[in-house]
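# Working through the structure, step by step
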Amino acid sequence: MKTNKKTVEDSRAESVYSVLPADTNIYGNLFGGKLVEWIDSIGALVTHRHSSKNVVTANIDNLSFLEPIRLGDSVILHAWINYVGTTSMEVQVDTYREKKDDSLRALACTAFLTYVAIDEYGKPAPIPDLILKTEKQKKRFKEAQQRKEVRLKRKV
Ligand SMILES: CC(C)(COP(=O)(O)OP(=O)(O)OC[C@H]1O[C@@H](n2cnc3c(N)ncnc32)[C@H](O)[C@@H]1OP(=O)(O)O)[C@@H](O)C(=O)NCCC(=O)NCCS
């Protein structure tokens, strides 16, 4: 049974990291896998906030690395829910890198992740509906619905 509805703002999150030597390869660039870990981590936080349930990552797609991130840079992640179904949620995570030399900020990565809320037996569990307040949120919801259809067609 569905529980009370929530807005996009109720679960939206931001996190900031400094890129340390252990996060980089020998050329001083941030490991892609480290960034994916940070992205998955904030996605889980957002979907846990929305559902108040344990969540698992079901899918990560459309993950594009647009700019290199270097040792000493700051990494800022913005994450919010685009879509909720009966038990699944799509989160968008936009990652910005802030250069250590001049503090210039640029979009470095975009990603869409799907999480599924689960019950105590690990089975998909119902989540609150999403209240869409703005035209942008309605547009994002529809686009996410289309991505979901494509994703499920691809599922093996
Ligand atoms: C994700 C998981 C719970 C789905 O279980 P399932 O029994 O296949 O789920 P169902 O077919 O009943 O679908 C449940 C929901 O998940 C969504 N879903 C299932 N597989 C999906 C996939 N690969 N990509 C995106 N969404 C998916 C469905 O669309 C559905 O959403 P809805 O309820 O909002 O319409 C299950 O596959 C699982 O536990 N996977 C492992 C997750 C995990 O360990 N992640 C960490 C990996 S390191």
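Read on for a plain summary of the structure. No experiment lies behind these values; they were computed from the predicted model shown. (Residues numbered from 1 in each chain as written. Predicted model: local features only at pLDDT ≥ 70, side-chain atom pairs only at ≥ 80, totals over all residues.)

## Here we look at the nonpolar core
Judged by nonpolar contacts, the single largest core of 30 residues is most densely connected at A79, I81, M89, V91 and V93. Those elements that provide at least two residues to this core are α1 (32–51), β4 (74–84), β5 (88–98) and β6 (105–118). In terms of residues, this core owes the most to one element, β6, which gives eight residues. Other than its neighbours up to four places away in sequence, V91 contacts G43, V46, T47, A79, W80, I81, N82, L113 and Y115. (Core = buried A, V, L, I, M, F, W, Y, C linked by C-beta atoms within 7 Å. Buried ≥ 20, exposed ≤ 12 C-beta atoms within 10 Å, placed from the backbone. Helix = DSSP H or I, 4+ residues; strand = E, 2+ residues; numbered from the N terminus. Contact = placed C-beta atoms within 7 Å.)

## Digging into the site of the ligand
N59, G85, T86, T87 and S88 are the nearest of the 15 residues found near the ligand. Elements with a minimum of two residues in the shell around the ligand: β3 (54–65), β6 and α2 (135–154). In terms of residues, the shell around the ligand owes the most to one element, β3, which gives four residues. Of the residues assigned to the shell around the ligand, the class counts are six nonpolar, seven polar and two charged. (Near = placed C-beta within 6 Å. Nonpolar A, V, L, I, M, F, W, Y, C, P; charged D, E, K, R; others polar.)

## Some words on the sheet that holds β5
The five strands are arranged β2-β4-β5-β6-β3 in an open sheet whose pairing can be described as antiparallel. With partners counted over all chains shown, the strands left at the sheet margins are β2 (13–18) and β3, one partner each. When strand polarity is set aside, the average angle formed by the axes of neighbouring strands in this sheet is 25°. Bridging between β4 and β5 involves ten bridges; their strand directions are antiparallel. From the neighbouring strand, Y83 faces β5, where its bridge partner is E90. Along the sheet face, α2 touches β3, β4, β5 and β6 and points at about 80° away from the line of β4. (Pairing = 2+ DSSP bridges. Axes fitted to C-alpha atoms, helices over the stretch in contact; angles between N-to-C directions.)

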